[in-house]
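Structure at a glance
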Amino acid sequence: MNLKIPAILSASFLFLLSCNDKKETKNNKPQSDKTAAAQNDTVETEQAPRKESINLFTLTYRDSTDVAFVSLSDIYPLDDTASDTLDLPNIEKMEKKAAKYFTLDKKYRNRFLSKTNISETDSLFVYDYAKNKLASFAIKNLKAAAWLNGYSSEEDWPYPKYYYMIGFEISKQSLKGFSDYYSDVIVYAGKENPFANEPLKPIVWKKIPGKEYPSKTMKKEDSAILKSTVAGNTYLYKTDTYQYFLQDYLDSDKIIYARRLLVTDSKTKEIIIEKLYSQSEGTSPAPLNGENGDDSFDQYTGKLFKNKPPVVFGFQYESFGCPAISLIDKSNEDIYIQCDNRH
């Protein structure tokens, strides 16, 4: 991530993940004639389960308007087969143009808040982790709105309910100084700010000899993914607390097919987390920081949340899913962003 997620924008923007103005690497799958890489990578069968403990959302840039939009549709899905008449007004009774974006009347707003467990006394916390910039907005002062997703067209009229993103609009004037297109922004709705407001560090990678990569038994499923690849470059990043080791794996065309991350305790050398980021139909490894220019950052680490361990993220682009933030602790928790990534 960067947590750069494909933003859904009105007419001129489509989904961009993990991201705006960033290109995905070539999606070539490895051929079966390659030998397995990394001599110290053997097979294990265990895999810790993933879980999510906090709902985070993205902020979308609405082109040619003075508002930005936070979609909560991932936790407030609409179903056209349901008989509920309080989720949205009757679209067929609206004008076609007006139906593309409209604010919710009180009864629809109340249903939206009730179903998402959000109170009028809560706040929306908008955090730009790249700039360590926070803005908060009282829910009672924000308009709730329905926005037709960017993959629909007037030919779909009357628009099905599930074509809509439901969320809050925020004045762009209140977000001056935030990242372009809000590409480094995450959002939380609740009573208290969960963000630590401590600057995250862009990871500065240093090439190291492959033999310095820690020896750790590889998960069975990861070994299967990498069976037709060969090892490429190896990288290291150090802080006072952790060491971050990254191993490239190349396909038959010498294209980066996957990367394996190990984060160790700087003092004890114990491996704390292990992650594999690979090519698939909907994913691709993100460029390493600096590869697309000195100011192009994807990988970050640091204290993002007040009441959680430090995090690391930004290694994979998502075409169909949403990116994750990995906690650096034995829980193996990945917190997936509710990015409303629909096609």
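Parameters at a glance
Residues numbered from 1 in each chain as written. Predicted model: local features only at pLDDT ≥ 70, side-chain atom pairs only at ≥ 80, totals over all residues. Heavy atoms only, no water. Buried < 20%, exposed > 50% of the residue type's maximum accessible area, 1.4 Å probe, protein only. Helix = DSSP H or I, 4+ residues; strand = E, 2+ residues; numbered from the N terminus. Pairing = 2+ DSSP bridges. Contact = heavy atoms within 4.5 Å. Salt bridge = Lys/Arg side-chain N within 4 Å of Asp/Glu carboxyl O. Disulfide = S-S within 2.5 Å. Axes fitted to C-alpha atoms, helices over the stretch in contact; angles between N-to-C directions. Arc of directions from axis to C-beta.

1. Quick word on the pairing of strand S9 (residues 185–190)
Most of S9 sits inside the fold, with six of its six residues counted as buried. Across the two faces of S9 the burial is the same, with Val 185, Val 187 and Ala 189 and Ile 186, Tyr 188 and Gly 190 all buried. For strand S2 (residues 57–61) and S9, the ladder comprises two bridges, and the chain directions are antiparallel. Paired with Phe 57 across the bridge in S9 is Val 187. Across six bridges, strand S5 (residues 123–128) lies against S9 in antiparallel orientation. Its bridge partner lying in S9, Asp 128 is registered against Val 185.

2. Digging into the environment of Lys 219
In this structure, Lys 219 sits in strand S12 (residues 218–219). As for Lys 219 and Glu 274, which are separated by 55 residues in sequence, their C-alpha atoms are 9.4 Å apart.

3. A look at the side chain of Ser 266
Locating Ser 266 in the fold gives a position in the loop between strand S15 (256–265) and strand S16 (271–278). The class of Ser 266 is buried, set by a relative accessible area of 15%. For Ser 266, the contacting residues outside a window of four places in its chain are Thr 239, Asp 240, Thr 241, Tyr 242 and Gln 243.

4. Remarks on the pattern of salt bridges
Throughout the structure, instances matching the rule amount to ten salt bridges. Among the salt bridges present, the one from Lys 330 reaches Glu 270, with a minimum N-O distance of 3.3 Å. One end of the pair, Lys 330, is in the loop between strand S21 (324–327) and strand S22 (334–336); the other, Glu 270, is in the loop between S15 and S16, and 60 residues separate them in sequence. Salt-bridge contacts for Asp 340 lead to Arg 342; the nearest nitrogen and oxygen are separated by 2.9 Å. Neither residue differs from the other here; Asp 340 and Arg 342 are each classed as buried.

5. A short note on the state of the cysteines
Here the structure, examined in full by the defined rule, presents one disulfide. Across a sulfur-sulfur distance of 2.0 Å, Cys 322 and Cys 339 are joined as a disulfide pair. Here the S-S torsion is close to -85 degrees, and the disulfide linking Cys 322 with Cys 339 is therefore left-handed. Linking Cys 322 in the loop between strand S20 (316–318) and S21 with Cys 339 in the segment after S22, this pair joins segments that are 17 residues apart in sequence. Judged by its relative accessible area of 16%, Cys 322 falls in the buried class. Among the residues examined, Cys 339 registers a relative accessible area of 4% and is labelled buried.

6. Side note on the sheet that holds S16
If you trace the five strands from one edge of the open sheet to the other, you get S11-S13-S14-S15-S16, paired in antiparallel fashion. Two strands lie at the open edges of the sheet, namely strand S11 (206–208) and S16, each paired on one side alone. Neighbour-to-neighbour, the strand axes of this sheet turn through a mean angle of 25 degrees, independent of strand direction. In the sheet, strand S13 (residues 230–238) pairs with strand S14 (residues 242–250) via seven bridges, with the strands oriented antiparallel. Counterpart to Tyr 237 in the pairing with S14 is Tyr 244.

7. Quick look at helix H1 (residues 106–116)
By the burial criterion, the buried members of H1 are Tyr 108, Arg 109, Phe 112, Leu 113 and Thr 116. In an axial view of H1, the angular spread of the buried residues amounts to 135 degrees, which keeps them on one side of the axis. Exposed and oriented more than 90 degrees from the buried face of H1 are Lys 106 and Lys 115. Buried residues along H1 sit in contact with strand S7 (143–148) and strand S8 (164–171).

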